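So the chains spell out like this:
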2 protein chains.
Amino acid sequence: MADLPERLSRDALLALAIKVLQSSGLSREDAEEGAEILVLADLFGISTHGVDRLPSYTERMRTGGVDPRATVVIDHTARALLRVDGNNGLGPVVARKALKACLAAARDTGLAAAFVRGSNHFGPTISYTYLAAQQGFASIVASNATTTIAPTGGRAARLGNNPLGIGIPNPAGDPIILDMAMSVVARAKIRRAAARGENIPSTWATDKEGRPTESPEAALDGFLLPIGGYKGYGLALMVDLLTGLLSDAAYLTHVSSWVDSPDEPQNLGHFILCIDTKRLGSRAWLGAAMQDFVGILKDTPAADPAHPVLVPGENEMNAFKRNSEEGIAISSSLLEKLNELAR
Amino acid sequence: MADLPERLSRDALLALAIKVLQSSGLSREDAEEGAEILVLADLFGISTHGVDRLPSYTERMRTGGVDPRATVVIDHTARALLRVDGNNGLGPVVARKALKACLAAARDTGLAAAFVRGSNHFGPTISYTYLAAQQGFASIVASNATTTIAPTGGRAARLGNNPLGIGIPNPAGDPIILDMAMSVVARAKIRRAAARGENIPSTWATDKEGRPTESPEAALDGFLLPIGGYKGYGLALMVDLLTGLLSDAAYLTHVSSWVDSPDEPQNLGHFILCIDTKRLGSRAWLGAAMQDFVGILKDTPAADPAHPVLVPGENEMNAFKRNSEEGIAISSSLLEKLNELAR
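About the cut-offs
Numbering of residues begins from 1 in every chain and follows the order in which that chain's sequence is written. Written order determines the labels here, with chains lettered from A and ligands numbered from 1. Owing to the predicted nature of the model, reporting of local features is limited to residues with pLDDT of at least 70; listing and counting of side-chain atom pairs is limited to 80 or more, with chain, interface and lining totals taken over all residues. The side-chain quantities take in all heavy atoms of the structure and omit both hydrogens and water. Lines fitted to C-alpha atoms define the axes here, with helix axes fitted over just the stretch in contact, and angles between the N-to-C directions of these axes take values from 0 to 180 degrees. Each helix corresponds to a stretch of at least 4 residues labelled H or I by DSSP, and each strand to a stretch of at least 2 residues labelled E; elements are numbered beginning at the N terminus. For classification, angles of less than 35 degrees are called roughly parallel, those exceeding 145 degrees roughly antiparallel, those between 65 and 115 degrees roughly perpendicular, and all remaining angles oblique. Here is the rule for handedness: rotate from the far helix to the near one, and if that takes an anticlockwise turn smaller than a right angle the crossing is left-handed, while a clockwise turn gives right-handed. Any two residues whose heavy atoms approach within 4.5 Å are treated as being in contact. Classes in brief: Ala, Val, Leu, Ile, Met, Phe, Trp, Tyr, Cys and Pro nonpolar; Asp, Glu, Lys and Arg charged; the others, Gly included, polar. Buried area, as used here, totals the accessible surface that two parts lose on assembly, with accessibility defined by a 1.4 Å probe and the loss added over both. Identification of polar contacts relies on pairs of N or O atoms within 3.5 Å, with a donor-acceptor requirement for protein atoms, meaning one able to donate a hydrogen and the other able to accept it, and with residues adjacent in sequence counted only if both atoms are side-chain atoms. Only residues with pLDDT of at least 70 in both copies contribute their C-alpha atoms to the least-squares superposition of the copies. Aromatic contacts are taken between Phe, Tyr and Trp rings whose centres are within 6.5 Å, Trp giving its six-membered ring; a plane angle under 30 degrees counts as stacked, one over 60 as edge-to-face, and the others as tilted.

What follows deals with the packing of helix 4 (residues 91-109) of chain B against helix 5 (residues 125-134) of chain B. Packed helices, taken two at a time, are described by the angle their axes make and the gap between the axes. Residue and element names in this part refer to chain B. Direction vectors running N to C along helix 4 and helix 5 enclose 25°, while the axes themselves pass 11 Å from each other. Between helix 4 and helix 5, the angle falls in the class roughly parallel. As helix 4 packs across helix 5, the resulting crossing turns out to be right-handed. Where helix 4 abuts helix 5, its residues G91, P92, A95, R96, L99 and L103 lie against Y128, L131 and A132. Tallied by class, the residues present in the contact of helix 4 with helix 5 amount to seven nonpolar, one polar and one charged.

In structure tokens, the structure reads:
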């Protein structure tokens, strides 16, 4: 049977996601916060981090690996510094609450940061940097993750493919938003090459002995390589320090695998920094500068006219507009699964 | 005549650097601040960003491209947010003052940031992240730079090889410090390949049409490639936004070239974020966690035992200890030049 996609409006998908989360035991308020983050991912076209995650999130809550009733505790340790304990709550709920508290503190001091522990996979960083940008805040949002990357020169995984997001608001157009992890490619890309019987570039991964390989099978048994070798490794490490160690969360190999140990709290950490751009200058000034910035880039002569220069987040913002108008494509099998879980 | 290096103690090199800067017109206090940053670079073994820069800095001040008597103005626009105007002062002096003000504000609010405009090349980021770490502050320090990198898919330079530094203090050992720019390699590496008549990997640079090349000659006429293609490009862009645009400094192609237009102010921008780790937990907690972090990495089985896993900043911290004991190696030609300039 063909797995044809249906298109749901944002509101319809949001309502469905809220029902699924409530069925898992979340309060109405927490379900709304978590659903907002996931549906934003779908609007941005990042379907791997959207409602597609609900079945696995639900399963983790069912087995006790994530607590649907967790109380998120926020400690204002200093005027611009928050320590947040998610108490093993659902990642998007914990992080959404941390972002809200961080924005409130930043309105007071101009800039604030939240160090979050006791959390879980929180969706894509762009959901958070986008929400911050809509309120005029520049932000840096990062998390650590399951241990899958070997240090440069190593032949054992020690750190996660830690996502890093940076967003800059634009009163006169789309915000500019970067959402990236340090690996050269996502694991899914290597699986596709294996399925097609194709070799991969030797910059993508190593075998399990830590040696670069062109074999997708050896790569899937080995480790993803970070961008720029030791540079990407270094950057992923600093993200783990900011999000994990400084948050008093798990870091490096202390992060347990939610595949291997699904009922053990992962204790992931996040770092959220919010900067009130209204304290740096007027909206007119910022809008003009941002439009000028984008204009300079878009006017760059292209090496191949069929592939013009892009601005970070451009594809995602275009998907957002398209999906907002046409609805979000969900496969019928996923839709069926979600409707089941919503009961 | 052989250009043999001499070794100078830190104090002797510092005294010489201060004299050179004073001869260019800096006040005693400003000369001390600038010299501290440069000599730290030399201690860390980053000689390209240390006193080796004094002749070119001196020349720029002589032609009026940099103002040795600039007053650095600091505006506390919000309790945790500083806007700094370097008024075209010497980069290390402007940034050192901005760092000091940022640390003071962070002691009040737990975390603070300085957005700096009207500045110049400020040395390596590690000088600043190290100073912050010595006082128990984690930090992010970044700058924009002369326009040399083409956007992914473009065939004209639009952004700089913007340096990004992140430092985490360690009460029980060496801080962990990342200091990197987004290019895969530094230009100097390509020049060396050209000098040896060797080809280069196609991941290092493009020709002037924006096409990846293995010819070092074509590469020197073209553009350095960023790490991870569009990822490194995106990261360099976000650094330009944080350091240049949000600081109301120059950004992208508004940054003039100090080679092509030496008497025109570059109006570089910096971003300095300082986080008081003492507000996140005790020194005992942080020291234990950092030593554990380093231990996990250093214990990683190596793909090649001759090349063990390194921690960011490890090489620089080892150089620091060595150079502090043995003195800093300076070529006799550079020493002669500095003695000349000091008169």
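The next subject is the interface of chain B and chain A. Interface size, as often reported, equals the accessible area lost upon joining of the parts. With 77 residues of chain B at the contact, the number on the chain A side is 77 residues. The largest contributions to the chain B side of the interface with chain A come from K231, L280 and F293 of chain B, which together make up 11% of the buried area. For the pair chain B and chain A, the number of links is 27 residue pairs in polar contact (both at pLDDT 80 or more). Here the element with the most residues in the side of chain B that touches chain A is helix 8 (residues 230-245) of chain B; it accounts for 10 residues. Across the side of chain B that touches chain A, the residue classes tally to 49 nonpolar, 16 polar and 12 charged.

Least-squares fitting of chain B to chain A yields an RMSD of 0.0 Å, with the superposition described by an axial translation of 0.0 Å and a rotation of 180°. The transformation just described matches what one would write down for a two-fold rotation axis. The fraction of interface residues of chain B whose copies in chain A are also interface residues reaches 100%, indicating that both copies meet through the same surface.

Any aromatic ring pair is given by two values, namely how distant the centres are and how the planes are angled relative to each other. Residue and element names in this part refer to chain A. Under the criterion given, the structure shown has 12 aromatic pairs over all chains. Judged by centre distance (5.2 Å) and plane angle (40°), the rings of F44 and F320 are tilted. Remark: F320 occurs in helix 10 (residues 314-326) and F44 occurs in the loop between helix 2 (28-43) and helix 3 (54-63); sequence separation between them is 276 residues. Among the aromatic residues, ring-to-ring pairing joins F44, Y130 and F320 into one connected group.

By themselves, these observations are geometric and do not establish any function.
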